[in-house]
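# Geometric and topological summary
One letter stands for each residue in the lines below.
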Amino acid sequence: MISEHLNSFLCNMNVLARQVASKNNLSLSQYYTLTNISSSGISMSKLSSILGIDNSTLTRNVNILIKHSFLKKQQSSQDRREQVVLLSSKGLKISEKLDIDMEELLNKFILDINEDYRQSFLDILEQLNWKMNCYINDL
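Here is a short report on the structure shown in this document.

Rules of the game
- Numbering of residues starts from 1 in each chain and follows the order in which that chain's sequence is written.
- The predicted nature of this model means local features are confined to residues of pLDDT at least 70 and side-chain atom pairs, given and counted, to a pLDDT of 80 or more, with totals for whole chains, interfaces and linings taken over all residues.
- To get the side-chain values, take all heavy atoms of the structure and skip hydrogens and water.
- Each helix is a run of H or I in the DSSP string that is no shorter than four residues. Each strand is a run of E no shorter than two, and both are numbered from the N terminus.
- Burial classification: accessible surface area is computed with a 1.4 Å probe over protein chains only, and a residue below 20% of its type maximum counts as buried, one above 50% as exposed, and the rest as partly exposed.
- Here the rule is simple: two strands pair whenever DSSP picks up at least two bridges between them.
- Only heavy atoms enter the contact rule, under which two residues are in contact if any of them lie within 4.5 Å.
- Every angle, taken between N-to-C directions, lies between 0 and 180 degrees, and every axis is a line fitted to C-alpha atoms, over only the stretch in contact when it is a helix.
- Residues with no salt bridge and a relative accessible area higher than 30% make up the patches, which join like charges within 9 Å and nonpolar side chains (Val, Leu, Ile, Met, Phe, Trp, Tyr) within 5 Å.
- The Shrake-Rupley method, run with a 1.4 Å probe, gives the accessible areas here. Residue values count only the displayed protein chains as cover.
- Just to be clear on terms, a salt bridge is a Lys or Arg side-chain nitrogen sitting within 4 Å of an Asp or Glu carboxyl oxygen.
- Neither His nor the chain ends contribute to the count of charged residues, in which Lys and Arg are positive and Asp and Glu negative.
- Lysine's charge is taken at NZ, arginine's at CZ, aspartate's at CG and glutamate's at CD.
- Here is the rule for angles: anything less than 35 degrees is roughly parallel, anything more than 145 is roughly antiparallel, 65 through 115 is roughly perpendicular, and the remaining ranges are oblique.
- For this scheme, ten residues count as nonpolar: Ala, Val, Leu, Ile, Met, Phe, Trp, Tyr, Cys and Pro. Four count as charged, namely Asp, Glu, Lys and Arg, and the remainder, Gly too, count as polar.

Let us now look at the overall build of the chain. When helices and strands are counted, the chain shows six helices and three strands. The secondary structure elements of the chain, listed N-terminal to C-terminal, are α-α-β-α-α-β-β-α-α. When its C-alpha atoms are laid out on the principal axes, the chain stretches across 50 × 35 × 25 Å. Relative to its full complement of 139 residues, the chain shows a buried share of 29%.

What follows is the structure in structure tokens.
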């Protein structure tokens, strides 16, 4: 039963993410790529792992975002073989806008939920994400 609810939730979240992406003239994969890059950057291999896509698919997505001046790539200072992806100033602005747009959209649903349930949901979501990250990092 939990998988059914989570699957439905994930599908609904993808619909909302697609809506936010479209509003900002981005594809869904571009949305997920941009929103998973911190201001300090991220290695291509780590980003590939987070997004659950292979390196060649990520490279195509990143190259499109570089062409649109949202991202830049540089060699890692720790491993010369590794590429690090960074948000450009334009990329930082669009990433912040995507976060704001998604937050506004989610608030339409979340703010209608009783405050105690809302806080419980957020606490559980945080714990689940932490546990899943631990599991994924052990793979």
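In this section: the sheet that holds strand β1 (residues 42–43). Reading across the sheet, the three strands line up as β1-β3-β2 and stay open at both edges, with antiparallel pairing between neighbours. The strands lining the two open edges of the sheet, one partner per strand, are β1 and β2 (71–75). As paired elements, β1 and strand β3 (residues 83–87) share two bridges and run antiparallel to each other. Opposite Ser43, over in β3, you have Val84 as the bridge partner. Lying over the sheet, helix α4 (residues 55–67) contacts β2 and β3, oriented at roughly 120° with respect to β2.

A cluster of acidic side chains, namely Glu96, Asp99, Glu103 and Glu104, defines a negative patch on the protein surface. In this fold, Asp99 is placed in helix α5 (residues 89–110).

This part takes up a nonpolar patch on the surface. Taken together, the side chains of Ile124, Leu128, Met132, Tyr135, Ile136 and Leu139 make up a nonpolar region of the molecular surface, amounting to roughly 640 Å² of accessible area. Considering the arrangement of structural elements, one finds Tyr135 in helix α6 (residues 115–137).

Taken N-terminus to C-terminus, the directions of helix α1 (residues 2–23) and helix α2 (residues 28–35) make an angle of 90°; their axes are 9 Å apart at the nearest point. Between α1 and α2, the crossing angle belongs to the class labelled roughly perpendicular. For the pair formed by α1 and α2, the contact residues are Met13, Asn14, Ala17, Arg18, Val20 and Ala21 on the first element and Leu28, Tyr31 and Tyr32 on the second. For the contact of α1 with α2, the class distribution of residues is seven nonpolar, one polar and one charged.

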